[in-house]
There are 2 protein chains.
Amino acid sequence: MTENRSQQRVAKGRRGRPRQAEVARLAGVSQTTVSLVLGGNKQGIALHAETRERVLEAARELGYVPDPAARRLAAARNNLLGVFSFTATFPTAVEHSYYPFLVGVEQEAAARGFDLVLFTGSSPGGALERVRLADGCLFLGRHAPAAGLRRLVDDGYPAVHIGRRDELAGLAWVGADYVDASAEVVRRLAAFGHRRAVLVREDDDAPASTDRERGFHEALAETGLAGPPGAAGPVVRAADPAAGITAEWVRGRWEEGVTAFVAEETDTGAAWRALLGAVEGAGLSAPGDVSLALLGSPPADLAGRPAPTGFDIPRAELGAAAVRTLTGLLAEDGPGSPPLVACAFRAGHTAGPPPGT
Amino acid sequence: MTENRSQQRVAKGRRGRPRQAEVARLAGVSQTTVSLVLGGNKQGIALHAETRERVLEAARELGYVPDPAARRLAAARNNLLGVFSFTATFPTAVEHSYYPFLVGVEQEAAARGFDLVLFTGSSPGGALERVRLADGCLFLGRHAPAAGLRRLVDDGYPAVHIGRRDELAGLAWVGADYVDASAEVVRRLAAFGHRRAVLVREDDDAPASTDRERGFHEALAETGLAGPPGAAGPVVRAADPAAGITAEWVRGRWEEGVTAFVAEETDTGAAWRALLGAVEGAGLSAPGDVSLALLGSPPADLAGRPAPTGFDIPRAELGAAAVRTLTGLLAEDGPGSPPLVACAFRAGHTAGPPPGT
DNA sequence: TTGTAGGCGTTATCAA
DNA sequence: TTGATAACGCCTACAA
């Protein structure tokens, strides 16, 4: 039977994984003592320094590493932070990837002594619940299923969403301050002397989009910048920017006195791409004839072009902030760092004074 | 006491989660039966359809979700694959990063139902032993400490090195076929009509370097291509390429009849960079006067330049292959996929027929 | 067809 | 200062 057991373990490929019991045997103490020593002795129980040494030595010799599952089950901590993304974490197309976030996440986690577990939404048995193996988890992607998150949050599981997420009450999040960053871009356009501007946005109701629009409006009100004359208003929603934002459209606005065109950043960069094409098609050039601004960063395939005037999302910093918030949750020590991270204005080369100034 | 327990569970943040025992109570069956029903009944044990229904119903009603920690503890595996890199996994400088490997690793791991744990050599408590937490581990980076790996391998811990590593007997690895890829590049040069070629390599004895040189030599022998006349031979080792590979040097070889210059890829891209500068400094142009080839990919900061003739390492594919090998080790089902992955020839724009052909 | 009992590796309580 | 012992939630022989 014991024979059987051990064969089974071999079959499972864990031959060598030493457990506390083995460390105990080698050190000549009980398994409990090993747990005590290796667990950092949280309860401040007195221990012979020599016993402690023997245990430590034995653990090192055996290459002992605690089993996270067992630890978790016994209500302890793992030193493991989860990162759950609802799309593949590493999509082949770099421009869609969460890589920049991970840079910050990884550094901050390492600095705080946590390892990272990457969970991917796509994997089979892809239940959100898997993350419970980790002490807490970061979630990224616009489309995290609310029900699963709700459940985790209600259970008091430490979770932090990267990107604003207020509709899920109780879910902690960190996000970029798109409102202020967008407003700042518009302020710069106003300072150049533009009088009329439009915002091109895609047909998406993610917080990231609505925040940008809000900042745009706020700055309009603040600076006196106007949209095109007439009832249409300064914001254009294009379900398919490639179709809606045409050379004719640009020329039409231009003839109405619009000299500044602003696009929002999205995953695909469709709005910006369409805007660039349409302006060119209209025979206009930036920043000579019109000023163009992008509320975010250009898609990777446009990286060669002159940098758009706009702002950069401090993705690494966001990731780091998320880790700080999460570890704050774990330590239950107050609200942690503020959820909004400021974006950096990027002067770029697509905006300047309007013609005739 | 019970009171105490339950408070503790609240503190752990697992307040309401129903367990199989509760589902069992509600369904009027034993916990075992619940496990059987909910576990998909792998062993094909016969069950009353009605019992099954009752259990399922009860589970739904209670919102039962299995605890991953418990599941893994019982299964004696974590469903976790480790990725250990000896430099930061996500260095800020993208050109040094392992990102391309991770793309493949992640996809393949997800496809096989594994999550990933990221370990970094730099993180505190950075002992290699930490990886034992995962069911198996991938190692990447040229400078993985042999002693630690030795230990893991001897213990039967499933480990796979990305990149050739034969000196560590028993360590599984997957690597790119640099020998063949390098030979292919030289063959193309020979086919263009070149008669003399040199290889510039850095002073590094990593397998990746020696393999390239071997392929270079093989193809030389095969095609009749020669090095420069004299005893120096066709290979130049430059500890500091920027200093050794000068315009004068290039001109000297050129006057000896060398029309093809080949550089190896390394982390820094120093050899290629030096070669480009030296050729330009010598007043020569590629592919008009001389042909240049790079055994690998150019550094990121040279991405804007015309693509060098050479080959691309299928990094994502390598990562995926590594995962396959590792899961093969876990399942102990045979040797798994072959360790060498073919590289893709890249025609590029820096090589062509030599002058006067 | 279902239930009983034991174990997975840790932590925590309580005696010794 | 240390060691039994009982959870934690689930899985799996084996018994009924």
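This structure is a prediction, so every number in the text was calculated from the model and none was measured.

Student: What am I meant to see in the overall build of chain A here?
Tutor: Within chain A, the secondary structure is distributed over 13 helices and 12 strands. The 357 residues of chain A split such that 50% are buried. Taking all contacts inside chain A whose residues are at least 6 apart in sequence as the whole, residues at least 24 apart take part in 71%.

Student: What should I look at first to understand the protein's contact with DNA strand D in this one?
Tutor: With respect to spatial proximity, 25 residues lie near DNA strand D, and among them A:T33, A:A46, A:T51, B:R19 and B:Y64 are the closest. Among the atoms of DNA strand D close to the protein, meaning within 4 Å, 67% are from sugar or phosphate groups. At 3.4 Å from a base oxygen of DNA strand D is found a main-chain nitrogen or oxygen belonging to A:A74. B:Q31 has a polar side-chain atom sitting 3.3 Å from a base nitrogen of DNA strand D.

Student: Any chance you could explain the sheet that holds strand β10 (residues 309-312) of chain A here in plain terms?
Tutor: Within a sheet, adjacent strands bond to each other through the backbone by hydrogen bonds, running parallel or antiparallel. All names here are of chain A. Taken together, the 6 strands give an open sheet; going across it, the order is β7-β6-β8-β9-β10-β12, and neighbouring strands pair in mixed fashion. A strand with exactly one partner marks an edge of an open sheet, and here the two such strands are β7 (235-238) and β12 (344-346). In this sheet, adjacent strand axes meet at a mean angle of 20° when their direction is disregarded. Relative to β7, strand β6 (residues 197-202) runs parallel, the two being bridged by 4 bridges. Note that in β7 the partner of E202 across the bridge is A238.

Student: What am I meant to see in the pairing of strand β1 (residues 80-85) of chain B here?
Tutor: Regular strands place their side chains on alternate faces of the sheet. All names here are of chain B. In terms of burial, β1 is a largely internal element, 6 of the 6 residues being buried. Relative to strand β2 (residues 115-120), β1 runs parallel, the two sharing 6 bridges. Paired with S85 across the strands is T120, a residue of β2. Where β1 lies against strand β3 (residues 136-140), 5 bridges are found, and the strand directions are parallel. Paired with L81 across the bridge in β3 is G136.

Student: Explain the protein's contact with DNA strand C to me, please; I cannot follow it from the model alone.
Tutor: Taken together, 26 residues lie around DNA strand C, and A:R19, B:T32, B:T33, B:A46 and B:T51 are the ones closest in. When atoms of DNA strand C within 4 Å of the protein are sorted by moiety, sugar and phosphate together comprise 69%. One nitrogen or oxygen atom from the side chain of A:S35 is found 2.8 Å from a phosphate oxygen belonging to DNA strand C. Contact between DNA strand C and B:T32: a base oxygen at 2.8 Å from a side-chain N or O atom of the residue. Contributing elements (two or more residues each) for the surface near DNA strand C: α3 (31-38) and α5 (68-73) of chain A together with α3 (31-38) and α5 (68-75) of chain B. The element that contributes the greatest number of residues to the surface near DNA strand C is α3(A), accounting for 3 residues. Residue classes in the surface near DNA strand C are distributed as 12 nonpolar, 10 polar and 4 charged.

Student: Explain the sheet that holds strand β3 (residues 136-140) of chain A here, please?
Tutor: The strand order across the open sheet formed by 12 strands is β11(A)-β5(A)-β4(A)-β3(A)-β1(A)-β2(A)-β2(B)-β1(B)-β3(B)-β4(B)-β5(B)-β11(B), and the pairing between neighbours is mixed. Lying at the two open borders of the sheet, with one neighbouring strand each, are β11 (340-341) of chain A together with β11 (340-341) of chain B.

Student: Explain the packing of helix α6 (residues 99-111) of chain B against helix α13 (residues 315-331) of chain B here, please?
Tutor: Helix packing geometry: the angle between the two helix axes and the distance between the axes. All names here are of chain B. Between α6 and α13, the least distance of the axes is 6 Å, while the angle of their chain directions is 40°. Regarding the angle of α6 to α13, the classification is oblique. Both α6 and α13 take part in a crossing whose hand is right-handed. Packed against α6, whose contacting residues are P100, F101, V103, G104, V105, E108 and A109, the element α13 presents R315, A316, L318, G319, A320, V323 and R324 at the interface. When grouped by side-chain class, the residues that make up the contact of α6 with α13 number 9 nonpolar, 2 polar and 3 charged.

Rules and cut-offs
Residues numbered from 1 in each chain as written. Chains lettered and ligands numbered in written order. Predicted model: local features only at pLDDT ≥ 70, side-chain atom pairs only at ≥ 80, totals over all residues. Heavy atoms only, no water. Helix = DSSP H or I, 4+ residues; strand = E, 2+ residues; numbered from the N terminus. Buried < 20%, exposed > 50% of the residue type's maximum accessible area, 1.4 Å probe, protein only. Contact = heavy atoms within 4.5 Å. Near = heavy atom within 4 Å. Polar contact = N/O pair within 3.5 Å; in protein donor to acceptor, adjacent residues only side chain to side chain. Pairing = 2+ DSSP bridges. Axes fitted to C-alpha atoms, helices over the stretch in contact; angles between N-to-C directions. Nonpolar A, V, L, I, M, F, W, Y, C, P; charged D, E, K, R; others polar. Parallel < 35°, antiparallel > 145°, perpendicular 65-115°, else oblique. Left-handed = near helix turned anticlockwise from the far one by under 90°.

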